[in-house]
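# A structural walkthrough
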Amino acid sequence: MTYILFCIGLVALFLGGEYLVRGASNIARHFNLSPMVIGLTIVGFGTSAPELLVSVQAALAGQPAIAIGNVLGSNIANILLILGTSAVIAALMIPIRKVWRDLGIMIVATAALWVMLLDGVISRMDGVILLIGLAVFMIMAFVLGREEPDLDALPPAAMPISVAQTVGGLIVLVIGARLLVDSATIIAQSFGVSEAVIALTVVAVGTSLPELATSVIAAFRKQTEIAVGNVIGSNIFNIFSILGITALITPIPADPRFASADMPWVAGTAIVLVLFAVLLKGIPRLAGVALLAVYAGYVVLIMI
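Conventions we followed
Residues numbered from 1 in each chain as written. Predicted model: local features only at pLDDT ≥ 70, side-chain atom pairs only at ≥ 80, totals over all residues. Heavy atoms only, no water. Helix = DSSP H or I, 4+ residues; strand = E, 2+ residues; numbered from the N terminus. Axes fitted to C-alpha atoms, helices over the stretch in contact; angles between N-to-C directions. Parallel < 35°, antiparallel > 145°, perpendicular 65-115°, else oblique. Left-handed = near helix turned anticlockwise from the far one by under 90°. Contact = heavy atoms within 4.5 Å. Nonpolar A, V, L, I, M, F, W, Y, C, P; charged D, E, K, R; others polar. Phe/Tyr/Trp six-rings, centres within 6.5 Å; stacked < 30°, edge-to-face > 60°. Buried < 20%, exposed > 50% of the residue type's maximum accessible area, 1.4 Å probe, protein only. Patch = residues over 30% accessible without salt bridge, like charges linked within 9 Å, V, L, I, M, F, W, Y side chains within 5 Å. Areas by Shrake-Rupley, 256 points an atom, 1.4 Å probe, with all protein chains shown as cover. Salt bridge = Lys/Arg side-chain N within 4 Å of Asp/Glu carboxyl O.

## Thoughts on the environment of Tyr295
- Along the chain, the position of Tyr295 falls in helix H11 (residues 285–303).
- Taking the C-alpha atoms as reference, Tyr295 lies 8.1 Å from Ile76; in sequence the two are 219 residues apart.

Here you go:
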């Protein structure tokens, strides 16, 4: 039964991702917002919903390793696994003039989290600071993300369908992620894998599957701005929103290994993404293969 639920969750993820990308693209055209902004905000926040649910539940259940490891592991997987997979499907373009602020915010959020982890706890005050960062990011994204009016924008009558596709896609994604994470965790535990490793791998990848499904489908549809914006937005939301909300509900004790062993990977992958954007203006297929190889090495390293 566990394996059946795993397969059902996987199918739900890809169906939800298809409708989410289609609906979000139409909404972007209607409101003259760039696909990148929609990927950074609506899609990024929506696909981060599983991480939020898992981290809050884990913190309340007294499992802080899962609450924090889920976010750190997801941010690593978003860049190495998701952008790597998407780039193999279709070389990704990163319009640096559109995303330099967002990439900067991602780096700032990563640095702030690293500092917060050094004292061994993410406090309620830390949570307030993270949520203020989220508010600043959202305001900047919507204020600066408008484009020239699209003469081919959807008529008002088509908007309810696009909204229904977006919301429905998000709901199916969250349900699919939940089924897949629960079943994958049971499978991992049956092989004697530790809680920290489960959080950094199985749970992190499982809760990142909506991002994977969305970015892969966007890559197939040649909507690479949504694929890239989804990952950048998700990484920002994971830190500002998920850990901010979770810490506001209950302070999160932080195992020293997160600051010393895992944050260098989170920061390193974020810097690599910035370098790709600045130097290559995107991620070519060969770089996508390299990202996947590095992720495989990371998983092997933490499993040892």
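## A look at the packing of helix H5 (residues 96–117) against helix H9 (residues 224–249)
- Direction vectors running N to C along H5 and H9 enclose 30°, while the axes themselves pass 10 Å from each other. On the basis of the axis angle, H5 is roughly parallel to H9. Considering the relative orientation of H5 and H9, their crossing is left-handed. Judged by residue contacts, Lys98, Val99, Asp102, Leu103, Ile105, Met106, Ala109, Thr110 and Leu113 of H5 engage Glu225, Ile232, Asn235, Ile236, Ile239, Phe240 and Leu243 from H9.
- Here the residues of the contact of H5 with H9 sort into 11 nonpolar, two polar and three charged.

## Notes on the packing of aromatic side chains
- Going through the model one piece at a time under the given rule, you end up with three aromatic pairs.
- Measuring from centroid to centroid gives 4.8 Å for Trp265 and Tyr298, while their planes differ by 55°, and the two rings are tilted. Residue Trp265 is located in helix H10 (residues 256–280), and its partner Tyr298 is located in helix H11; the two are separated by 33 residues in the primary sequence.
- Taking 6.1 Å as the distance between ring centres and 35° as the angle between the ring planes, the aromatic pair formed by Tyr295 and Tyr298 counts as tilted. One end of the pair is Tyr295 and the other is Tyr298, both in helix H11 and three residues apart, which spans about a single turn.
- Residue classification places Tyr298 among the buried residues on the basis of a relative accessible area of 0%.

## Overview of a nonpolar patch on the surface
- A cluster of nonpolar side chains, namely Ile107, Ile271, Leu275, Val278, Leu279 and Leu280, defines an oily patch on the protein surface of about 540 Å² accessible area.
- The dominant element in the nonpolar patch, judged by the number of residues it contributes, is H10, at five residues.
- Structurally, Leu279 can be placed in helix H10.
- For Leu279, a relative accessible area of 63% gives the class exposed.

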